[in-house]
Amino acid sequence: MSRHVLAAMGVDGREIAREGRPAAPSLAVVAAYGDLHACDYVTVSQGESVGLYARDAGGVWDAVSPGTDAVTADEMRLWFELTHHYPGPDGADPSHPLGRPPRPGAVGRIDERRAIALVQEHIATGGLNYPAQGLVADRFAAGWSVYAPVDVDDSDPMAFLDLPVGRAVFMVGDTGRIKEVTSAIPPEQAYALFTAEEAFVRRPPAEEAFMNDLKTEFERLDARSGQPGAINFTVVGTPPEDVTAARVTALTDEIARQLALCGPQRWERMVAAFSCAVSAETADLCFWQHEQPIEARVPEQIALLVRRQRHLAAAMPAGPWLRLMVAVTNGPGGRAQVSTQYDYGDQRLPDGQLLAPTHYRNDLAAYPRAGVPAWLRTYAGANGQRTASPHTASPRTAPPRSAPPRSAPPRSAPPRSAPPRHEAPERPFVDSLVGWTTHVVADQQRITYGRDSLAWEEIEWVRYPLSRTKHLGFLFPSTYTNTYTFGVGRYGNSPKSLGNLVWSKGGKRAEAPEAWLALVEFAQRVLEPRLLAERLDLIRRGGSFTIGEMRVHRGGLTLRGVMEADWGSLTDVEVADGLVWIHERGRQQPVRVSLDSANAVLLPRIVAAMAG
């Protein structure tokens, strides 16, 4: 029986140390080995199988991939580095594997006018509440930063109060991909992360990268010799088709494994469907538990893996796929059956998974291919105009082409289609009068009050304070007024009416309004997990934000003139009497933050995550 080999790995994939073990090491042993060698990655190999373990930003070790091949383990190491560590407090590092911008592709670098035009189209098609005129663009390594400038009166010392907090900034890559970030993140941090994302997705396979680096070194030596042509060097070919197919398949298995972690406990079946172009994608994920469908959100971290897999698949003769379907069925004994299907657009894509024409134009430019389906050529439009409606009835979709050949045992579970999309309008779970004449209406997609409306996925903050006022009586008994407030919104420009929905009820033991309870339950179940993950990621990336007057940042909590506490000094956080009470070691009185402040409900879990 072959022994197990532990290897401590640096961020560049080089071995720091290795040792053999007769038995498979436990997670505690792997963590101790990594800590001993002050590294964030450890691999455990047995024959051709490689398991990857990693330490996250909070110092916790876990298995990233329990068993794959060495090349895929390297892919997953860089993916974990990107999503958990990079760029770090010191910003971009040119010597880091993710610190160098990707080589220009077939399209090359886009110019400033094109970047601004893409953002204007993005604002228009998305219906964003953001000025589309007067945009400016700043170039960085992997693309452009596009934003609406803010004019400030330098003669007015209080003008800074009018500056929008957390204003959106659009990062536009040379492939046309647009990522919206907040101005609360330091620009250099945002540039470094976006560049690393592009570098991760578009970097060449290991063999090709090695040969390119070797070619560059020969060209450098050639230039030093002073005699052009003194050294001849030619890069011949790329990895064979079967090697590429095996890598694509192995990475698809890793995607399925990561998606499986997004579902409820003891789910029986999972179906994921991705519709992608180089500059945009959609993702649908659904689990079944006791035959009941449960939809889930695909995290951005997994979307990065899907983009990487598609970039590798583009080297196959069929070119890059347009849709990827992954189905997983949990079998007896914890054995999972995985089925994968690729759709190359032989037939028109379903309307719900059809991207805007501009994204397919970007994709055809980035990945030129000889054969383009007639419907796609018409839909994308060579002149940049939309020539086919996405709502036109599409012909029946033919079975997609089969997946690349696998070296692993065949999967026996038949693929299952993605959950159907219903065109009938959803029934709102809240339709309640607020005030005298206006209703608040909420369904699974958005919340609307009068003429103001926000999609839940747009919302950046939430609050739902409850207060009771006692009115002391002199000749009559005291009375009580209970105020139930619910508010959501975006930082910067946001409908004010949605930030202050108020219900009032009298009585000492009044029951909360059903509409308020339903909105709070939805916010706790759907909004808060996303908002919490985004805020923790912002902190980890070196950004900061405010809750009330409290500044939350990588170092801890700061309340000017009152508190400057690092995470380790915080001993307890509790919610009572409409306030968040924050206790600090050595401080007699806790610091208070009102629950009326946007996202104050997240503070206890932010502190627990960072202090833990």
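None of the values given here were measured: they were computed from a predicted structure. (Residues numbered from 1 in each chain as written. Predicted model: local features only at pLDDT ≥ 70, side-chain atom pairs only at ≥ 80, totals over all residues. Heavy atoms only, no water.)

Visitor: Describe in detail the nonpolar core, supporting the description with residues and values.
Guide: If you look at the biggest cluster of nonpolar residues, it comprises 59 residues, and the most contacted ones within it are I447, F486, W503, V552, L557 and I582. Take this core: its biggest share by element is eleven residues, from helix α10 (residues 514-540). Contacts of L557, omitting those with residues within four sequence positions, involve M550, R551, V552, M563, E564, A565, W567, L570, I582, L603 and V607. (Core = buried A, V, L, I, M, F, W, Y, C linked by side-chain atoms within 4.5 Å. Buried < 20%, exposed > 50% of the residue type's maximum accessible area, 1.4 Å probe, protein only. Helix = DSSP H or I, 4+ residues; strand = E, 2+ residues; numbered from the N terminus. Contact = heavy atoms within 4.5 Å.)

Visitor: An account of the side chain of E528 is needed here, citing residue identities and associated values.
Guide: Relative to the assigned elements, E528 resides in helix α10. For E528, the side chain forms a polar contact with the side chain of Y464, separated by 2.4 Å. Leaving out residues up to four positions away in the same chain, E528 has contacts with V462, Y464, A523, V601, L602 and R605. (Polar contact = N/O pair within 3.5 Å; in protein donor to acceptor, adjacent residues only side chain to side chain.)

Visitor: Can you tell me about the pairing of strand β5 (residues 61-68), naming the residues and giving the values?
Guide: Note that strand β4 (residues 49-55) and β5 share five bridges and pair antiparallel. Across the sheet, the residue bridging to A54 is D62, located in β5. Hairpin connection between β4 and β5: a loop of five residues separates the two successive antiparallel strands, and G59 in this loop has a positive phi of roughly 90°. (Pairing = 2+ DSSP bridges.)

Visitor: If you had to explain the sheet that holds strand β29 (residues 591-594) to someone new, which residues and values would you point to?
Guide: Read across the sheet, three strands follow the order β27-β28-β29 without closing on themselves; strand pairing throughout is antiparallel. Two strands bound the open sheet, and with one partner strand each, they are β27 (570-576) and β29. Averaged over all neighbouring strand pairs, the angle between strand axes comes to 20°, with direction disregarded. Bridge count between strand β28 (residues 579-584) and β29: four bridges; the pairing is antiparallel. Following the sheet pairing, L579 is matched in β29 by S594. Strands in contact with helix α11 (residues 603-611) are β27, β28 and β29; relative to β27, the strand with the most contacts, it is inclined by about 160°. (Axes fitted to C-alpha atoms, helices over the stretch in contact; angles between N-to-C directions.)

Visitor: Lay out the environment of A28 in plain terms, naming residues and giving numbers.
Guide: Examined against the element boundaries, A28 turns out to sit in helix α1 (residues 27-36). We classify A28 as exposed; its relative accessible area is 56%.

Visitor: Lay out unusual backbone geometry with the relevant residues and their values.
Guide: Following Y86, the chain continues into P87 via a peptide bond in cis, with omega recorded as 0°. Examined against the element boundaries, P87 turns out to sit in the loop between α2 (70-84) and α3 (112-126). Even without glycine at this site, A38 takes up a positive phi of about 50°. By secondary structure assignment, the location of A38 is in the loop between α1 and β3 (41-46). Positive phi, normally seen in glycine, also occurs at H290, with a value near 55°. Judged by relative accessible area, H290 falls into the exposed class, the value being 63%.

Visitor: Break down the pairing of β4 for me, with residues and values.
Guide: By the criterion of burial, β4 is predominantly enclosed, with six of the seven residues buried. Where β3 meets β4, six bridges bridge the pair, whose relative direction is antiparallel. Considered in β4, the bridge of V44 is made with G51. Here β3 folds back onto β4, and the loop between the two strands holds two residues, one of which, G47, carries a positive phi near 65°.

Visitor: Lay out α10 in plain terms, naming residues and giving numbers.
Guide: Compared with the 39 Å implied by 1.5 Å per residue over 27 residues, the 38 Å span of α10 between its first and last C-alpha is a close match. Along its length, α10 shows its largest kink, about 45°, at L527, and proline P529 lies within four residues downstream of that point. In the segment just after α10, G542 is the residue with positive phi, at about 95°. (Expected span 1.5 Å × (residues − 1). Bend = angle between axes of the 7 residues up to and from the residue.)

Visitor: So, the packing of α10 against α11: which residues are in play, and what are the values?
Guide: Where α10 meets α11, the axes come as close as 10 Å, and the angle between the chain directions of the two elements is 45°. Considered as vectors, α10 and α11 are oriented oblique to each other. Where α10 crosses over α11, the handedness of that crossing is right-handed. In this structure, α10 contributes E528, L532, R535, L536 and I539 to the contact, and α11 contributes R605, I606, A609 and M610. (Parallel < 35°, antiparallel > 145°, perpendicular 65-115°, else oblique. Left-handed = near helix turned anticlockwise from the far one by under 90°.)

Visitor: Now, about the pattern of salt bridges: what can you tell me, with residues and values included?
Guide: Applying the stated criterion across every chain, the model contains 27 salt bridges. In this structure, D343 and R323 form a salt bridge, with 3.0 Å as the shortest nitrogen-oxygen distance. Remark: R323 occurs in strand β13 (residues 323-330) and D343 occurs in strand β14 (residues 336-343); sequence separation between them is 20 residues. Overall, the relative accessible area of 3% leaves D343 in the buried class. (Salt bridge = Lys/Arg side-chain N within 4 Å of Asp/Glu carboxyl O.)

Visitor: Tell me about the sheet that holds strand β17 (residues 446-449), residues and numbers included.
Guide: As summarised here, the arrangement of the four strands in space is β15-β16-β17-β18, forming an open sheet in which the pairing is antiparallel. What marks the edges here is a single partner per strand, and that holds for β15 (430-434) and β18 (452-455). Across this sheet, the average inter-strand angle for adjacent strands is 10°, counted without regard to direction. Where strand β16 (residues 438-442) and β17 come together, three bridges link them in antiparallel fashion. Across the sheet, the residue bridging to A442 is I447, located in β17. Contacting β15, β16 and β17, α10 runs over the sheet at an angle of about 130° to β15.

Visitor: Residue-level account of the side chain of D284, with values.
Guide: Relative to the helices and strands, D284 is located in strand β11 (residues 280-289). Under the relative-accessibility criterion, D284 is labelled buried at 18%. Of note is the side chain of D284, whose polar atom sits 3.4 Å from the side chain of Q353.

Taken by themselves, the reported measurements are silent on function.
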